[in-house]
Amino acid sequence: MTFPTWALAGFWGLVSGSALLLGAALGYFAHVPQRLIAAIMAFGSGVLISTLSLELMEEAYHKGGLHATALGFVGGAVAYTLANWLLARAGAKHRKRSGEHQRVERGQVQQGQKEGTEAGDDNGMALAIGALLDGIPESIVIGLSMLAGGAVSVVAVTAIFMSNLPEGLSSAAGMRKAGRSARYVLLLWGGIALVSGVSSLVGYTVFSQFSPQVVAATTAIAAGAVLAMIADTMIPEAFETAHNFTGLITVLGFLASFFLSKMGE
């Protein structure tokens, strides 16, 4: 039985997004040590950086040229940074932290309410929007990778899965320490996983109608947003605990993704 390509795009987006839910369940119920969380986060960062360099940016450059790629890349980073700054002000600055940050952050939001500020009594909506902000660009990349020949980039799916696992794990561990219920955490990340599948499907169906230059620019935008996300959220969480070992573990993640890309040639 042959499935339509758009359905496969959604499926692979859901597969990569399911790592968020799996990681969230592990982070909430398994009480994973923070050092292990940090190491996984650093490894996932290296995997994603390698994929951005060897897969996304190369593909964008060959399809759209240097100017479209550069503009898209910087534009994606600017858009993510602006949105992330707004979310940080709303209470989602430490959404991927596994330590005490989310508890402090939540307390600051509640204190702001007592003082008559505009902050609400809960930063749950900001956390949910932040999770979407981090996950959607990655998922769109999977859909875009299928435009060339209808086959998914195994390297991209593997890289995003490997990076999503520590993201969900770290954030859920922090949410548990901040007093979030298991129902809240699992529903949040389950919803984000579902949106990941839809985003991948949209990435394929919508952009299949556009020129290679537009697809290249969009790929570069997603790459820029993902790299900004790594620098703003994943690397800080890894360094918080792993410290001097963060760089080495990140390099090993990069190397693992590099091997995967070469094995696929």
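Refer to the structure printed above.
Owing to the predicted nature of the structure, the values given are computational and were not obtained by experimental measurement.

**Some details on the overall build of the chain**
Here's step 1: Helix and strand counts for the chain stand at eight helices and zero strands.
Here's step 2: The order of helices and strands in the chain, counted from the N terminus, is α-α-α-α-α-α-α-α.
Here's step 3: Every one of the 265 residues in the chain was classed for burial, and the buried ones make up 46%.
Here's step 4: Expressed as a percentage of contacts within the chain between residues at least 6 apart in sequence, the contacts between residues at least 24 apart total 85%.

**Some thoughts on helix α1 (residues 5-29)**
Here's step 1: The end-to-end C-alpha separation of α1 is 36 Å, in line with the 36 Å expected for 25 residues at 1.5 Å each.
Here's step 2: In α1, a bend of some 25° at S16 exceeds every other bend along the element.
Here's step 3: The complete set of buried residues in α1 reads A9, G10, G13, S16, G17, A19, L20, G23, A24, G27 and Y28.
Here's step 4: At the exit of α1 stands H31, carrying a positive phi of roughly 50°.

**Re the environment of A7**
Here's step 1: With respect to the helices and strands, A7 occurs in helix α1.
Here's step 2: When the C-alpha atoms of A7 and Y204 are compared, they prove to be 9.6 Å apart, with 197 residues separating the residues in sequence.

Quick notes on the rules
Residues numbered from 1 in each chain as written. Predicted model: local features only at pLDDT ≥ 70, side-chain atom pairs only at ≥ 80, totals over all residues. Heavy atoms only, no water. Helix = DSSP H or I, 4+ residues; strand = E, 2+ residues; numbered from the N terminus. Buried < 20%, exposed > 50% of the residue type's maximum accessible area, 1.4 Å probe, protein only. Contact = heavy atoms within 4.5 Å. Expected span 1.5 Å × (residues − 1). Bend = angle between axes of the 7 residues up to and from the residue.

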